[in-house]
Amino acid sequence: MSKIAVVFWSGTGNTEAMAQAVADGASAKNAEVDIVQASDFGADGVAGYDAIAFGCPAMGDEELEGDEFQPMWDDVKPELSGKTIALFGSYDWGTGEWMDTWKDDAEEAGASIAGTVIANNEPDDEAISACNDLGASLA
Ligand SMILES: Cc1cc2nc3c(=O)[nH]c(=O)nc-3n(C[C@H](O)[C@H](O)[C@H](O)COP(=O)(O)O)c2cc1C
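Computed from a prediction, not measured in an experiment: that's the story for all the values here. (Residues numbered from 1 in each chain as written. Predicted model: local features only at pLDDT ≥ 70, side-chain atom pairs only at ≥ 80, totals over all residues. Heavy atoms only, no water.)

A. Examining the overall build of the protein chain more closely. Each helix and strand in the protein chain was counted, giving four helices and five strands. Radius of gyration (C-alpha) of the protein chain: 13 Å, near the 14 Å computed for a compact globule of 139 residues. Oriented by its inertia axes, the alpha-carbon framework of the protein chain measures out at about 40 × 30 × 25 Å. For the protein chain, restricting intrachain contacts to residue pairs at least 6 apart in sequence, the fraction spanning at least 24 positions comes to 76%. For the protein chain, the accessible surface area stands at approximately 6600 Å², while carbon and sulfur atoms represent 40% of it. Distance between charge centroids for the protein chain: 11 Å, based on 5 positive and 28 negative side chains. (Helix = DSSP H or I, 4+ residues; strand = E, 2+ residues; numbered from the N terminus. Rg over C-alpha atoms; globule rule 2.2 N^0.38 Å. Contact = heavy atoms within 4.5 Å. Areas by Shrake-Rupley, 256 points an atom, 1.4 Å probe, with all protein chains shown as cover. Lys, Arg positive; Asp, Glu negative; His and termini not counted. Charge placed at Lys NZ, Arg CZ, Asp CG, Glu CD.)

B. Molecular detail of unusual backbone geometry. Even without glycine at this site, Asn 30 takes up a positive phi of about 70 degrees. Residue placement: Asn 30 occurs in the loop between α1 (14-28) and β2 (32-37). For Glu 62, which is not glycine, the phi dihedral falls at a positive 60 degrees. Position of Glu 62 relative to the elements: it lies in the loop between β3 (51-55) and α2 (69-76). With a relative accessible area of 18%, Glu 62 lands in the buried category. (Buried < 20%, exposed > 50% of the residue type's maximum accessible area, 1.4 Å probe, protein only.)

C. Quick peek at the nonpolar core. Core analysis: the biggest nonpolar cluster contains 25 residues, and Phe 41, Ile 52, Phe 54, Phe 69, Trp 73, Ile 85 and Trp 102 have the highest contact counts within it. Contributions of two or more residues to this core are made by β1 (3-8), β3, α2, β4 (84-91) and α3 (97-108). One finds Ala 19, Val 22, Ala 26 and Ala 53 within the second-largest nonpolar core, a separate group that totals 20 residues. (Core = buried A, V, L, I, M, F, W, Y, C linked by side-chain atoms within 4.5 Å.)

D. Molecular detail of the pattern of salt bridges. All chains considered together, the criterion is met by one salt bridge. Residue Lys 77 is joined to Asp 105 by a salt bridge in which the shortest nitrogen-to-oxygen separation is 3.0 Å. One end of the pair, Lys 77, is in the loop between α2 and β4; the other, Asp 105, is in helix α3, and 28 residues separate them in sequence. Classification of Asp 105 as partly exposed rests on a relative accessible area of 22%. (Salt bridge = Lys/Arg side-chain N within 4 Å of Asp/Glu carboxyl O.)

E. Molecular detail of the sheet that holds β2. As summarised here, the arrangement of the five strands in space is β2-β1-β3-β4-β5, forming an open sheet in which the pairing is parallel. Since the sheet does not close on itself, it has two edges, and those belong to β2 and β5 (112-120), each with one partner. In this sheet, neighbouring strand axes are inclined to one another by 15 degrees on average, regardless of whether the strands run parallel or antiparallel. As paired strands, β4 and β5 are joined by eight bridges and run parallel to one another. Note that in β5 the partner of Ala 86 across the bridge is Gly 115. The sheet contacts of α1 involve β1, β2, β3, β4 and β5, and relative to β4 the element is tilted by about 145 degrees. In the packing of helix α4 (residues 125-138) onto the sheet, the strands contacted are β1, β3, β4 and β5, and the crossing angle to β5 comes to about 165 degrees. (Pairing = 2+ DSSP bridges. Axes fitted to C-alpha atoms, helices over the stretch in contact; angles between N-to-C directions.)

What follows is the structure, given as structure tokens:
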């Protein structure tokens, strides 16, 4: 059985709904899944999981959330070389630029990216389904 972490930050619940859908998709494939707040995760947690899904909405100016998610991300990044990860998050008025930048950053860290999902504001049925599939792909 694979062990998956879904690590996320969410201010108004949209990325949290995506996190739950990613976890549901992994659970449906019999993975053991931990859903973890970004502030409760760090570099020492990475080795305990076969794969990790990270979720963060577009914040700042097409950036990751700065107080809790970005520091966690900077901490775990050196541990992600060769690790299978997925990225997801919600956005509003932009075009998803934050996800492109984030994905490039993860690739530079040497992570193997199973997939990414972005949702405009509250995830609709299509986005939830894409998150289910993303979780399943990690399991
Ligand atoms: C301070 C702040 C900055 C934001 N910056 C962006 C942005 O650069 N681009 C964008 O598309 N949406 C931006 N948004 C919108 C959020 O990404 C959007 O509301 C998202 O659904 C929030 O997800 P959450 O419910 O998981 O917190 C911003 C929202 C806030 C509050």
